[in-house]
Amino acid sequence: MKNIRNMDVEWGYTGDTGPEHWHTLCDWFSLGAKYPYQSPVNLSKTLISENKANREITFFYKNEEFTEKEFKNTFHFVPPNTESYVIFEEEKYYLTDIHFHTPSEHTFDGEHCPLEFHLVHMNNSGENLVVGCLFTITKEANKFSKDQKAFIWETETHQQWFDPSIFLPEKKSHFHYLGSLTTPPTKGPVHWFVFDTVQKMDHDFFQRIDEGMLPFNNRPVQELNGRKVYFTE
């Protein structure tokens with residue numbers, strides 16, 4: 001097994017470097033896999049726990065600069081200035097990355113959606129909170145359509161300017177559970193908030209960011225292992 005500090009270990013979604021082998025590729029990955037509450041999971045309103053605590057999340061997103069990057073087997077929007085953030089349980093988590101998985105990693109009642117975006121946040125203690133947004137892909141007009149001009153895209157410099165709220169549904173009802181990152185080192189705990197609304201994403205917009213990416217890059221659904229899943233209207 002490779003040294004724990006080797007952060008450039010190759011991994012993928014098929015063969016000897018696929019999800020079932022991630023924990024064998026290096027000590028760092030093995031350590032993350034030991035966290036018992038792994039992600040993604042199947043989400044269903046038939047399985048939710050009684051919600052006695054406040055599971056509300058408040059978004060403070062703004063139009064800001066993003067840089068286009070391709071790493072960890074997907075396309076990423078990375079904000080160099082991390083101006084957008086969310087507040088959960090009086091803790092501020094800054095938006096550090098937006099990326100996607102095809103098909104979706106989380107399932108609703110056992111069913112995948114074509115696309116899932118993850119908006120990754122981190123607090124000042126290095127703890128993660130991830131927001132999951134599921135989509136279908138369509139040629140019908142929607143908020144991602146080019147004529148909506150929601151994105152300013154500088155192709156030569158690989159820079160974009162947009163408000164990350166565009167990825168959020170109008171209705172904010174969501175599932176919440178404790179899980180892990182879905183890519184190596186799959187460490188936890190991570191607060192997951194997954195909106196139950198399946199939105200529409202413009203086909204041309206998705207083709208632009210999907211060019212050259214893997215045909216699928218979703219980690220299989222993991223066992224709940226007795227953990228609680230909450231739902232907030």
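The structure under discussion appears in the preceding block.
Conventions we followed
Residues numbered from 1 in each chain as written. Predicted model: local features only at pLDDT ≥ 70, side-chain atom pairs only at ≥ 80, totals over all residues. Heavy atoms only, no water. Helix = DSSP H or I, 4+ residues; strand = E, 2+ residues; numbered from the N terminus. Polar contact = N/O pair within 3.5 Å; in protein donor to acceptor, adjacent residues only side chain to side chain. Contact = heavy atoms within 4.5 Å. Core = buried A, V, L, I, M, F, W, Y, C linked by side-chain atoms within 4.5 Å. Buried < 20%, exposed > 50% of the residue type's maximum accessible area, 1.4 Å probe, protein only. Salt bridge = Lys/Arg side-chain N within 4 Å of Asp/Glu carboxyl O. Phe/Tyr/Trp six-rings, centres within 6.5 Å; stacked < 30°, edge-to-face > 60°.

Chemist: Whenever I open this one, the side chain of N218 confuses me. Can you help?
Modeler: Tracing the backbone shows N218 in the loop between α3 (203–210) and β14 (230–232). In this structure the side chain of N218 is engaged in a polar contact, spanning 3.5 Å, whose partner is the backbone oxygen of S104. Leave out the neighbours within four places in its chain, and N218 touches Y13, H101, T102, P103, S104, E105 and H112.

Chemist: How do you make sense of the nonpolar core when you look at a structure like this?
Modeler: It is characteristic of soluble globular proteins that their nonpolar side chains tend to be buried jointly. With 33 residues, the main nonpolar core has F77, V131 and F167 as its most contacted residues. Elements that contribute at least two residues to this core include exactly β4 (74–78), β5 (85–88), β6 (91–101), β8 (115–122), β9 (128–138), β13 (190–202) and α3. Every residue in contact with F167, bar those within four places of it in the chain, is listed here: F77, I98, F117, L119, C133, F135, K143, F144, F151, F162, Q199 and M201. Residues V41, C113, F175 and F231 belong to the second largest nonpolar core, which totals 15 residues.

Chemist: Looking at this model, I keep getting lost on the pattern of salt bridges. Mind explaining?
Modeler: Oppositely charged side chains are able to pair whenever their charged atoms sit close together. Using the criterion set out here, one finds three salt bridges in the structure. The closest approach of N and O atoms between K62 and E83, which form a salt bridge, is 2.9 Å. You can see K62 sitting in the loop between β2 (58–60) and β3 (64–71) and its partner E83 sitting in the loop between β4 and β5, a full 21 residues away along the chain. Residue K62 is classed as partly exposed on the basis of its relative accessible area of 39%.

Chemist: Honestly, the environment of F71 in this entry has me stumped. Any pointers?
Modeler: Among the structural elements, F71 can be located in strand β3. For F71, a relative accessible area of 34% gives the class partly exposed. With 25 residues separating them in the primary sequence, F71 and T46 have C-alpha atoms 36 Å apart. Setting aside residues up to four positions removed in sequence, F71 forms contacts with H76, V78 and D97.

Chemist: Any chance you could explain the packing of aromatic side chains here in plain terms?
Modeler: Remark: the centre distance and the inter-plane angle together describe each pair of aromatic rings, the angle taken between the planes. Applying the stated criterion to the full structure yields 32 aromatic pairs. An angle of 70° between the planes, with centres 5.1 Å apart, marks the rings of F77 and F162 as edge-to-face. Within this pair, whereas F77 is found in strand β4, its partner F162 is found in strand β11 (residues 159–162), the two being separated by 85 residues in sequence. Each member of the pair, F77 as well as F162, carries the same accessibility label: buried. When the ring of F100 is compared with that of F117, the centres are 5.7 Å apart and the planes differ by 45°; the resulting orientation is tilted.

Distances and angles like these do not, on their own, reveal function.
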